[in-house]
Amino acid sequence: MSFFANIDWSDIGQACLDTLIMLGGSLVLTIAFGLPLGVLLYLTGQGRLSQNRAANVVLGVIVNILRSVPFIILLIVMIPLTVMLVGTSLGVAGAIPPLVVGAAPFYARLVEGSLKEVDRTTIEAVQAMGATTRQIVTGALIPEALPGLIAGATVTAVALVSFTAMAGVVGAGGLGDLAIRFGYQRFQTDVMVVTVVLLVVLVQIIQYAGDALARHFTRR
């Protein structure tokens, strides 16, 4: 009997598509929420442009709480909110809200770290020209920190791949769901091996593309 006897390649193809949709949708929303949150964490920090200890502490506590909750628990806890937002807690749509809530705080911390690496003399030079805080952020901070922001997005995307696999536990679809339903519950080793290999390949592609993009924007 062939090792791949239990493989239904149409199911594998659909699972790959579901994983890519979950990854793409959640990554875009993660960056959309995580980037401004990271900027706020930076700006309100001690000695920064909009120093505000109270705001910084509150934001920091919220981010740390969300980052400390294991994703599998977050999936379950968020089911009522997910149903309220997208009408279901199952499938690709039901996976995206917890994916974003789980990953956005993580990316926000990476953004904050990247912004802290920007040379303060660059900021001071732009500030001396009369630039507003918004102009400093968009014209100096983000462009200077762009390679780090891209690297952070790459790390976040890789984390999201593992999150999408875990989302299969609650019937979110994708390669993780296939691995759990067939590879684990039905003891179909060939299905498990194929899904794991595909997830590894996906991570390698993301990492290579992210590294190449970060190098492209690195100032020499």
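In this report, the structure presented in the accompanying data block is examined. (Residues numbered from 1 in each chain as written. Predicted model: local features only at pLDDT ≥ 70, side-chain atom pairs only at ≥ 80, totals over all residues. Heavy atoms only, no water.)

1. Brief notes about the packing of aromatic side chains
And then number 1: Scanning all chains against the criterion turns up one aromatic pair.
And then number 2: With a centroid separation of 4.4 Å and an interplanar angle of 10°, the aromatic rings of Phe-71 and Phe-163 are classed as stacked. Of this pair, Phe-71 sits in helix α3 (residues 71-77) while Phe-163 sits in helix α7 (residues 133-166), and the two are 92 residues apart along the sequence.
And then number 3: Residue Phe-71 is classed as buried on the basis of its relative accessible area, which comes to 6%. (Phe/Tyr/Trp six-rings, centres within 6.5 Å; stacked < 30°, edge-to-face > 60°. Helix = DSSP H or I, 4+ residues; strand = E, 2+ residues; numbered from the N terminus. Buried < 20%, exposed > 50% of the residue type's maximum accessible area, 1.4 Å probe, protein only.)

2. Comments concerning helix α9 (residues 189-217)
Along an α-helix, residues three or four positions apart point the same way, because every turn accommodates 3.6 residues.
And then number 1: With 29 residues, α9 extends 43 Å between its outermost C-alpha atoms, agreeing within 8% with the 42 Å of an ideal straight helix rising 1.5 Å per residue.
And then number 2: Buried within α9 we find Asp-190, Val-191, Val-194, Thr-195, Leu-199, Leu-202, Ile-206, Gly-210 and Ala-214. (Expected span 1.5 Å × (residues − 1).)

3. Looking at a nonpolar patch on the surface
And then number 1: A cluster of nonpolar side chains, contributed by Leu-81, Met-84, Leu-85 and Val-86, occupies part of the molecular surface with about 410 Å² of accessible area.
And then number 2: The residue Leu-85 is located in helix α4 (residues 79-86) in this model. (Patch = residues over 30% accessible without salt bridge, like charges linked within 9 Å, V, L, I, M, F, W, Y side chains within 5 Å. Areas by Shrake-Rupley, 256 points an atom, 1.4 Å probe, with all protein chains shown as cover. Salt bridge = Lys/Arg side-chain N within 4 Å of Asp/Glu carboxyl O.)

4. Observations regarding the environment of Leu-160
And then number 1: Position of Leu-160 among the secondary structure elements: in helix α7.
And then number 2: Note: C-alpha distance between Leu-160 and Gly-174 (14 residues apart in sequence) is 13 Å.
And then number 3: Residues contacting Leu-160, with those up to four places away along its chain left out, are Leu-23, Ser-26, Leu-27, Thr-30, Leu-99 and Ala-103. (Contact = heavy atoms within 4.5 Å.)

5. Some thoughts on the side chain of Thr-30
And then number 1: Along the chain, Thr-30 turns up in helix α1 (residues 9-43).
And then number 2: For Thr-30, a relative accessible area of 0% translates into the label buried.
And then number 3: Once you skip the residues sitting within four places of it in the chain, Thr-30 turns out to touch Leu-35, Leu-99, Val-100, Ala-103, Ala-104, Tyr-107, Thr-156 and Leu-160.

6. Overview of the pattern of salt bridges
And then number 1: Tallying each qualifying case throughout the model produces two salt bridges.
And then number 2: Residue Glu-112 pairs with Arg-109 through a salt bridge whose shortest N-O separation is 2.8 Å. Placement of the pair is Glu-112 and Arg-109 together in helix α5 (residues 91-116), with a separation of three residues, close to one helical turn.
And then number 3: For Glu-112, a relative accessible area of 9% translates into the label buried.
And then number 4: Judged by its relative accessible area of 23%, Arg-109 falls in the partly exposed class.
And then number 5: Of the charged contacts in the structure, one is a salt bridge between Lys-116 and Glu-112, with a shortest N-O distance of 3.6 Å. You can see Lys-116 and its partner Glu-112 sitting in helix α5, four residues apart, about one turn around the helix.
And then number 6: By relative accessible area, Lys-116 is classed as partly exposed at 45%.

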